[in-house]
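Fold and contact review
The chain contents come next:
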Amino acid sequence: MYTEKVMDHFANPRNVGEIADADGIGEVGNAKCGDIMKMYIKVKDDVITDVKFKTYGCGSAIATSSIATEMIKGHTIKEALELSNKAVVEALGGLPAHKIHCSVLAEQSIKAAIADYYTRQGIDPEPIVGKIPECEGGHCHI
Ligand code: FES
(Lines give C-alpha, C1' and ligand atoms only; values in the text may rest on other atoms or scores of the structure.)
Protein backbone atom coordinates (compact mmCIF):
# COMPACT_ATOMS: atom_id res chain seq x y z
CA MET A 1 0.00 0.00 0.00
CA TYR A 2 2.86 2.40 0.83
CA THR A 3 6.04 2.67 -1.22
CA GLU A 4 9.45 2.07 0.34
CA LYS A 5 10.18 5.76 -0.01
CA VAL A 6 7.06 6.71 1.94
CA MET A 7 8.00 4.25 4.68
CA ASP A 8 11.57 5.59 4.77
CA HIS A 9 10.47 9.23 5.12
CA PHE A 10 7.84 8.23 7.68
CA ALA A 11 10.30 6.22 9.78
CA ASN A 12 13.23 8.68 9.35
CA PRO A 13 11.72 12.06 8.62
CA ARG A 14 14.20 14.71 7.48
CA ASN A 15 14.24 18.28 8.77
CA VAL A 16 11.94 17.75 11.74
CA GLY A 17 11.94 20.46 14.38
CA GLU A 18 11.72 24.22 14.73
CA ILE A 19 13.90 27.14 13.69
CA ALA A 20 14.01 29.55 16.62
CA ASP A 21 14.93 32.58 14.48
CA ALA A 22 12.88 31.60 11.42
CA ASP A 23 12.28 34.21 8.72
CA GLY A 24 8.85 32.75 7.99
CA ILE A 25 6.46 30.36 9.74
CA GLY A 26 3.42 28.78 8.15
CA GLU A 27 0.78 26.83 10.01
CA VAL A 28 -1.90 24.99 8.11
CA GLY A 29 -4.76 22.85 9.36
CA ASN A 30 -6.40 20.18 7.24
CA ALA A 31 -10.18 20.53 7.43
CA LYS A 32 -10.65 16.90 6.30
CA CYS A 33 -8.93 15.34 9.30
CA GLY A 34 -8.06 18.20 11.67
CA ASP A 35 -4.31 17.57 11.40
CA ILE A 36 -1.87 20.47 11.63
CA MET A 37 1.44 21.24 9.89
CA LYS A 38 3.90 23.93 10.93
CA MET A 39 6.71 24.90 8.57
CA TYR A 40 9.71 27.12 9.40
CA ILE A 41 12.01 28.68 6.81
CA LYS A 42 15.26 30.66 6.81
CA VAL A 43 15.79 32.81 3.72
CA LYS A 44 18.89 34.50 2.39
CA ASP A 45 19.07 36.32 -0.96
CA ASP A 46 15.80 34.69 -2.06
CA VAL A 47 17.14 31.21 -1.31
CA ILE A 48 15.64 28.91 1.34
CA THR A 49 18.77 28.11 3.31
CA ASP A 50 17.03 26.04 5.99
CA VAL A 51 13.64 24.51 6.55
CA LYS A 52 12.11 22.49 9.36
CA PHE A 53 8.64 21.16 10.06
CA LYS A 54 6.54 19.94 12.93
CA THR A 55 3.26 18.17 12.51
CA TYR A 56 0.35 16.78 14.37
CA GLY A 57 -0.47 14.65 11.39
CA CYS A 58 -0.53 11.16 9.95
CA GLY A 59 2.32 9.14 8.43
CA SER A 60 1.56 10.37 4.92
CA ALA A 61 1.68 13.99 6.10
CA ILE A 62 5.05 13.30 7.77
CA ALA A 63 6.45 11.58 4.67
CA THR A 64 5.27 14.25 2.23
CA SER A 65 6.54 17.10 4.38
CA SER A 66 9.86 15.36 4.92
CA ILE A 67 10.50 14.92 1.20
CA ALA A 68 9.09 18.38 0.41
CA THR A 69 11.62 20.00 2.76
CA GLU A 70 14.40 18.15 0.93
CA MET A 71 13.00 19.38 -2.39
CA ILE A 72 13.04 23.08 -1.40
CA LYS A 73 16.13 23.35 0.81
CA GLY A 74 18.84 25.28 -1.06
CA HIS A 75 16.33 26.32 -3.73
CA THR A 76 14.91 29.74 -4.51
CA ILE A 77 11.56 30.92 -3.19
CA LYS A 78 10.29 30.90 -6.77
CA GLU A 79 11.21 27.21 -7.13
CA ALA A 80 9.62 26.40 -3.77
CA LEU A 81 6.38 28.08 -4.84
CA GLU A 82 6.34 25.93 -7.96
CA LEU A 83 6.48 22.74 -5.90
CA SER A 84 3.08 21.10 -6.23
CA ASN A 85 1.69 18.38 -4.01
CA LYS A 86 1.52 16.27 -7.19
CA ALA A 87 5.32 16.56 -7.58
CA VAL A 88 5.80 15.65 -3.92
CA VAL A 89 3.57 12.59 -4.24
CA GLU A 90 5.41 11.55 -7.41
CA ALA A 91 8.76 11.90 -5.63
CA LEU A 92 7.47 9.47 -3.00
CA GLY A 93 6.46 7.00 -5.71
CA GLY A 94 2.77 7.60 -5.06
CA LEU A 95 0.30 7.60 -2.18
CA PRO A 96 -3.02 5.77 -1.78
CA ALA A 97 -5.83 7.93 -3.24
CA HIS A 98 -7.45 8.54 0.13
CA LYS A 99 -4.13 9.92 1.44
CA ILE A 100 -3.58 12.51 -1.28
CA HIS A 101 -5.22 15.21 0.85
CA CYS A 102 -2.41 14.74 3.41
CA SER A 103 0.20 15.85 0.86
CA VAL A 104 -1.60 19.17 0.40
CA LEU A 105 -0.56 20.11 3.94
CA ALA A 106 3.11 20.15 2.87
CA GLU A 107 2.55 22.32 -0.18
CA GLN A 108 0.26 24.75 1.59
CA SER A 109 2.38 25.10 4.73
CA ILE A 110 5.42 25.95 2.57
CA LYS A 111 3.32 28.60 0.80
CA ALA A 112 2.07 29.90 4.16
CA ALA A 113 5.67 30.15 5.48
CA ILE A 114 6.73 32.07 2.36
CA ALA A 115 3.67 34.34 2.70
CA ASP A 116 4.68 35.02 6.31
CA TYR A 117 8.23 35.78 5.16
CA TYR A 118 6.97 38.38 2.69
CA THR A 119 4.58 39.88 5.23
CA ARG A 120 7.49 40.33 7.64
CA GLN A 121 9.38 42.14 4.85
CA GLY A 122 6.43 44.52 4.45
CA ILE A 123 5.53 42.99 1.08
CA ASP A 124 1.98 41.92 0.25
CA PRO A 125 2.39 38.15 -0.32
CA GLU A 126 -0.84 37.52 -2.21
CA PRO A 127 0.34 38.59 -5.72
CA ILE A 128 3.44 36.38 -5.30
CA VAL A 129 2.19 33.40 -3.31
CA GLY A 130 -1.45 33.43 -4.35
CA LYS A 131 -4.36 33.01 -2.02
CA ILE A 132 -4.11 30.41 0.71
CA PRO A 133 -7.64 29.49 1.76
CA GLU A 134 -8.95 30.79 5.06
CA CYS A 135 -5.89 32.26 6.74
CA GLU A 136 -6.37 34.02 10.02
CA GLY A 137 -3.62 35.27 12.30
CA GLY A 138 -0.97 33.09 10.66
CA HIS A 139 -3.07 29.94 10.78
CA CYS A 140 -4.67 28.64 7.57
CA HIS A 141 -7.23 25.94 6.90
CA ILE A 142 -7.33 23.91 3.72
FE1 FES B 1 -4.65 14.09 8.34
FE2 FES B 1 -3.22 12.64 6.76
S3 FES B 1 -5.00 12.01 7.80
S4 FES B 1 -2.94 14.71 7.25
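Details of the structure are given in the entry above.
This is a predicted model, so every value here is computed, not measured.

Side note on a nonpolar patch on the surface
A cluster of nonpolar residues, Met1, Tyr2, Met7 and Phe10, forms a patch on the protein surface that exposes about 440 Å² of accessible area. Relative to the elements of secondary structure, methionine 7 occurs in helix α1 (residues 4-11).

Observations concerning the packing of α1 against helix α2 (residues 59-72)
Helices that pack against each other are described as a pair by the angle of their axes relative to one another and the distance between those axes. Where α1 contacts α2, the axes come no closer than 8 Å and their chain directions differ by 90°. When the axes of α1 and α2 are compared, the pair comes out roughly perpendicular. When α1 is examined against α2, the residues Lys5, Val6, His9 and Phe10 are found in contact with a partner set consisting of Gly59, Ile62, Ala63, Ser66, Ile67 and Glu70. Here the contact of α1 with α2 is built from residues that sort into 5 nonpolar, 3 polar and 2 charged.

Here we look at the side chain of asparagine 30
Structurally, asparagine 30 is set in the loop between β1 (24-29) and β2 (36-44). Reaching out from asparagine 30, the side chain makes a polar contact with the backbone nitrogen of lysine 32 at a distance of 3.0 Å.

Some points on the pattern of salt bridges
Tallied over the entire structure, the rule returns 11 salt bridges. One salt bridge connects lysine 111 with glutamate 107, and the closest N-O pair in it is separated by 3.2 Å. With lysine 111 and glutamate 107 both in helix α5 (residues 100-120) and 4 residues apart, this pair spans about one turn of that helix. With a closest N to O distance of 3.0 Å, arginine 120 and aspartate 116 form a salt bridge. Taken together, the positions of arginine 120 and aspartate 116, both in helix α5 and 4 residues apart, correspond to about one turn of that helix. Salt bridges sharing partners connect three or more residues here, namely Asp8, Arg14 and Glu70.

Section: the environment of phenylalanine 53
Inspection of the secondary structure puts phenylalanine 53 in strand β3 (residues 47-56). Take phenylalanine 53: its relative accessible area is 1%, and that puts it in the buried class. Along the chain, phenylalanine 53 and glutamate 82 lie 29 residues apart, while their C-alpha atoms are 19 Å from each other. Leaving out residues up to four positions away in the same chain, phenylalanine 53 has contacts with Pro13, Arg14, Asn15, Val16, Gly17, Met37, Lys38, Met39, Ile62, Ser65, Ser66 and Thr69.

The rules we used
Residues numbered from 1 in each chain as written. Predicted model: local features only at pLDDT ≥ 70, side-chain atom pairs only at ≥ 80, totals over all residues. Heavy atoms only, no water. Patch = residues over 30% accessible without salt bridge, like charges linked within 9 Å, V, L, I, M, F, W, Y side chains within 5 Å. Areas by Shrake-Rupley, 256 points an atom, 1.4 Å probe, with all protein chains shown as cover. Salt bridge = Lys/Arg side-chain N within 4 Å of Asp/Glu carboxyl O. Helix = DSSP H or I, 4+ residues; strand = E, 2+ residues; numbered from the N terminus. Axes fitted to C-alpha atoms, helices over the stretch in contact; angles between N-to-C directions. Parallel < 35°, antiparallel > 145°, perpendicular 65-115°, else oblique. Contact = heavy atoms within 4.5 Å. Nonpolar A, V, L, I, M, F, W, Y, C, P; charged D, E, K, R; others polar. Polar contact = N/O pair within 3.5 Å; in protein donor to acceptor, adjacent residues only side chain to side chain. Buried < 20%, exposed > 50% of the residue type's maximum accessible area, 1.4 Å probe, protein only.

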